[in-house]
Protein chains: 2
Amino acid sequence: MKIYVIGIGPGNMEDITPRAIKAIESSEVIVGYSTYQELISPLTAGKEIVSSGMTREIERCRAALGYALAGKITAVISSGDAGVYGMASPVYEVCAGHPEVDIEVIPGVTAACSGAAAVGAPLTHDFAVISLSDRLTPWEVIEKRLRLAAEGDFVICLYNPSSKKRSGYLRRACECVLGYKKPETLCACAENVGREGGSFRLYSLEELMDIEVNMFTTVFIGNENTKEINGRIVTPRGYKV
Amino acid sequence: MKIYVIGIGPGNMEDITPRAIKAIESSEVIVGYSTYQELISPLTAGKEIVSSGMTREIERCRAALGYALAGKITAVISSGDAGVYGMASPVYEVCAGHPEVDIEVIPGVTAACSGAAAVGAPLTHDFAVISLSDRLTPWEVIEKRLRLAAEGDFVICLYNPSSKKRSGYLRRACECVLGYKKPETLCACAENVGREGGSFRLYSLEELMDIEVNMFTTVFIGNENTKEINGRIVTPRGYKV
């Protein structure tokens, strides 16, 4: 009994690994949010497709477990990497009472890495990844982490910086960070990386406060050494160049 | 004039993206540490190969710039993702005076993600990535970041936890973290992920202090909710399961 939990990368057939493609091809049932199902539709013709809306994660995991227990090789798909705010942990949790189900997580290119590549090289030193979604995490915890990451001069990568129900969260995050990082700290936003209309822009931390972002934006806040080189954001590793 | 900076993933042909393969195939010169050259040798027959030892990063970047300025399409390769402690930033820095050189970073599966997939799902909540190498970063900065990340109850992923010249660093790191995280905090080590002899093991934070690691080990230190499920390490996202 087998469940693959597969990170499909940023959302095109060029950034998905051969291991992920093989796992999808060998699966009989593909479980995942409908947007991601569309992205991999070239691979899933003829397979049983189980889609559900964005916030039905546990429902999808239970469905996957049901198919696996019925003997079908089942794939649960996440965008990016399934282990970074993705489906890997809920699948393990739902399958906790079923050691007979073999769970295999197939890693992918997460938004921190695909976004970083688009904007330059912001993550070439110690960094913290923080989600601004307070759907499952109290905002006070998010604020505390933002402050501590800023105090440590980590480069900060923000996932889920905004959504329809949450506006102004990026501004609040910047306010936390501004207690420790300078207003001129170099930042960048990457949007729809690896998909049509992908774009990026550089900002100062002060400018970043007023930027409109959405759930497809990945935000990078540099450390004290992060600088602009030829229109990109670069965090030096520390070499004498 | 073109330089690709390519993350080749953990080190086998199954976890390298089609985009990375195409970029390598379209390059005339492949610059990189010799171990990584071997990993992608099926793709580079007939190309000009420029290898050098582990610590010659700037030398390799200068060589790449030279080839690019001479009109050759050049690839600089990193294991994992080139943007995470990889060659992306030094390539930008060395090319700072040459806006005519088009640098394209091709993202890959970084050790945090491939290691996480091997040990379970440790990174499904906010996490900090910290390198224990003090070759380019003062140890005091590393210690400060360890303490702040632990205080924020981030999951912590350690790169470069040891090397021939540095032993005892993981123990020192654990001592910093133990000021904030409980001794029974669940941890894991992944070794040689995606390569022959790949393995992993789970530990408590207290046990982790005495573990022998090497430069091919990726270390994960959980948050207060991280738990063991069916022999793997899992950080819940916060769903009611």
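Residues numbered from 1 in each chain as written. Chains lettered and ligands numbered in written order. Predicted model: local features only at pLDDT ≥ 70, side-chain atom pairs only at ≥ 80, totals over all residues. Heavy atoms only, no water.

### Structural notes on the overall build of chain A
1) Next: For chain A, the count of helices and strands is 8 helices and 13 strands.
2) Next: The C-alpha radius of gyration computed for chain A amounts to 19 Å, which stays within 12% of the reference 18 Å derived for 241 residues, consistent with globular compactness.
3) Next: Along the first, second and third principal axes, the C-alpha atoms of chain A reach 55 × 35 × 35 Å.
4) Next: Residues counted as buried form 60% of the 241 residues belonging to chain A.
5) Next: Across chain A, the fraction of contacts at a sequence separation of at least 24, relative to all contacts at a separation of at least 6, is 69%.
6) Next: Approximately 9,100 Å² of chain A is accessible, and the part contributed by carbon and sulfur atoms is 47%.
7) Next: For chain A, the centre of its 25 positive side-chain charges and the centre of its 29 negative side-chain charges are spaced 1 Å apart. (Helix = DSSP H or I, 4+ residues; strand = E, 2+ residues; numbered from the N terminus. Rg over C-alpha atoms; globule rule 2.2 N^0.38 Å. Buried < 20%, exposed > 50% of the residue type's maximum accessible area, 1.4 Å probe, protein only. Contact = heavy atoms within 4.5 Å. Areas by Shrake-Rupley, 256 points an atom, 1.4 Å probe, with all protein chains shown as cover. Lys, Arg positive; Asp, Glu negative; His and termini not counted. Charge placed at Lys NZ, Arg CZ, Asp CG, Glu CD.)

### As for the interface of chain A and chain B
1) Next: With 70 residues of chain A in contact, the opposing surface of chain B contributes 70 residues.
2) Next: Summing both partners gives a buried area of about 6,400 Å² for chain A against chain B, and 59% of it is carried by carbon and sulfur.
3) Next: In this assembly, chain A and chain B are joined by 8 salt bridges.
4) Next: Here Arg 145 of chain A and Asp 126 of chain B are joined by a salt bridge, their closest N and O atoms 2.9 Å apart. (Buried area = accessible area lost by both parts, 1.4 Å probe. Salt bridge = Lys/Arg side-chain N within 4 Å of Asp/Glu carboxyl O.)

### Focus on the relation of the copies chain A and chain B
Relating one copy of the chain to the other requires a rotation about an axis plus a shift along that axis.
1) Next: When chain A is fitted to chain B, the residual RMSD is 0.0 Å, and the transformation amounts to a turn of 180° plus an axial shift of 0.0 Å. Taken together, these values place the two copies in the relation of a two-fold axis.
2) Next: Residue by residue, 100% of the interface of chain A is reproduced at the interface of chain B, so both copies engage with the same surface. (Least-squares fit on C-alpha atoms with pLDDT ≥ 70 in both.)

### Re the environment of Val 219 of chain A
Residues and elements named next belong to chain A.
1) Next: Relative to the assigned elements, Val 219 resides in strand 11 (residues 217–221).
2) Next: Each C-alpha atom of the pair Val 219 and Ala 116 lies 9.2 Å from the other, and the pair is 103 residues apart in sequence.
3) Next: In this structure, Val 219 is in contact with Ile 156, Cys 157, Leu 158, Pro 161, Leu 170, Ala 188, Cys 189, Leu 208 and Val 213, ignoring residues within four places of it in sequence.

### Section: the side chain of Lys 181 of chain B
Residue and element names in this part refer to chain B.
1) Next: Of note, Lys 181 is situated in the loop between helix 7 (169–177) and strand 9 (186–191).
2) Next: A polar atom in the side chain of Lys 181 sits 2.8 Å from the backbone oxygen of Gly 222.
3) Next: If sequence neighbours within four positions are ignored, Lys 181 has contacts with Ala 150, Asp 153, Phe 154, Val 155, Ile 156, Leu 205, Ile 221, Gly 222 and Asn 223. (Polar contact = N/O pair within 3.5 Å; in protein donor to acceptor, adjacent residues only side chain to side chain.)

### Re unusual backbone geometry
Residues and elements named next belong to chain A.
1) Next: Although it is not a glycine, Tyr 85 adopts a positive phi angle of roughly 50°.
2) Next: The residue Tyr 85 is located in the loop between strand 4 (74–78) and helix 4 (88–94) in this model.
3) Next: In the Ramachandran plot, Asn 192 falls in the positive-phi region, its phi being about 50° despite a non-glycine side chain.
4) Next: Positionally, Asn 192 belongs in the loop between strand 9 (186–191) and strand 10 (199–204).

### With respect to the packing of aromatic side chains
Residue and element names in this part refer to chain A.
1) Next: Within this structure, the stated rule accounts for 6 aromatic pairs over all chains.
2) Next: Where Trp 139 meets Tyr 169, the ring centres are 5.0 Å apart and the plane angle is 70°; that geometry is what we call edge-to-face. One end of the pair, Trp 139, is in helix 6 (residues 139–151); the other, Tyr 169, is in helix 7 (residues 169–177), and 30 residues separate them in sequence. Like Tyr 169, Trp 139 is buried. (Phe/Tyr/Trp six-rings, centres within 6.5 Å; stacked < 30°, edge-to-face > 60°.)

### Digging into the sheet that holds strand 9 of chain B
1) Next: Strand order across the open sheet formed by 10 strands is 10(A)-9(A)-11(A)-8(A)-7(A)-7(B)-8(B)-11(B)-9(B)-10(B), with mixed pairing between neighbours. Here the strands that pair on one side only, and so sit at the sheet edges, are strand 10 of chain A together with strand 10 (199–204) of chain B. Averaged over all neighbouring strand pairs, the angle between strand axes comes to 15°, with direction disregarded.
2) Next: Of the pairings in the sheet, the one linking strand 9 of chain A to strand 10 of chain A comprises 6 bridges and is antiparallel in character. Residue pairing for strand 10 of chain A: Ala 190 of chain A is matched across the bridge by Phe 200 of chain A. (Pairing = 2+ DSSP bridges. Axes fitted to C-alpha atoms, helices over the stretch in contact; angles between N-to-C directions.)

### Considering the confidence of the model for chain A
Close inspection of predicted coordinates is inappropriate in any region flagged by low pLDDT.
1) Next: Put simply, chain A has an average pLDDT of 95, and 99% of its residues get 70 or more.
2) Next: Across the interface, the model reports ipTM at 0.97; the global pTM reads 0.97. (pLDDT = per-residue confidence, 0-100.)

### Focus: the sheet that holds strand 1 (residues 2–7) of chain B
Residues and elements named next belong to chain B.
1) Next: What the 5 strands build is an open sheet, ordered 3-2-4-1-5; its pairing is parallel. The sheet terminates laterally at strand 3 (48–50) and strand 5 (102–106), the two strands that pair on one side only. With direction set aside, neighbouring strand axes in the sheet form an average angle of 20°.
2) Next: With 5 bridges connecting them, strand 1 and strand 5 associate as parallel partners. Each residue of the ladder has a partner; that of Val 5, found in strand 5, is Val 105.
3) Next: Its contacts with the sheet place helix 1 (residues 18–26) against strand 1, strand 2 (29–31) and strand 5, and it is angled at close to 140° to strand 1.

### Brief notes about the packing of helix 6 of chain A against helix 7 of chain A
All names here are of chain A.
1) Next: At a closest axis distance of 8 Å, the pairing of helix 6 and helix 7 adopts a crossing angle of 45°. Between helix 6 and helix 7, the interaxial angle falls into the category oblique. Between helix 6 and helix 7 the crossing geometry is right-handed. Contacts from Trp 139, Glu 143, Leu 146, Arg 147 and Ala 150 in helix 6 reach Tyr 169, Arg 172, Ala 173, Cys 176 and Val 177 in helix 7. (Parallel < 35°, antiparallel > 145°, perpendicular 65-115°, else oblique. Left-handed = near helix turned anticlockwise from the far one by under 90°.)

### With respect to the nonpolar core
1) Next: The biggest cluster of nonpolar side chains holds 52 residues, and the ones touching the most others in it are Leu 208 of chain A together with Leu 208 of chain B.
2) Next: Apart from residues no more than four positions distant in its own chain, Leu 208 of chain A is found in contact with Leu 170, Cys 174, Cys 187, Cys 189, Tyr 203, Val 219 and Ile 221 of chain A.
3) Next: Core analysis: the next-biggest nonpolar cluster, separate from the first, contains 40 residues, Leu 202 of chain A together with Val 109, Ala 112 and Ala 116 of chain B among them. (Core = buried A, V, L, I, M, F, W, Y, C linked by side-chain atoms within 4.5 Å.)

### Concerning helix 5 (residues 111–119) of chain A
1) Next: Along helix 5 of chain A, 7 of the 9 residues are buried, which leaves the element largely enclosed by surrounding structure.
2) Next: Along helix 5 of chain A, the residues that are buried comprise Ala 112, Cys 113, Ser 114, Gly 115, Ala 116, Ala 117 and Val 119 of chain A.

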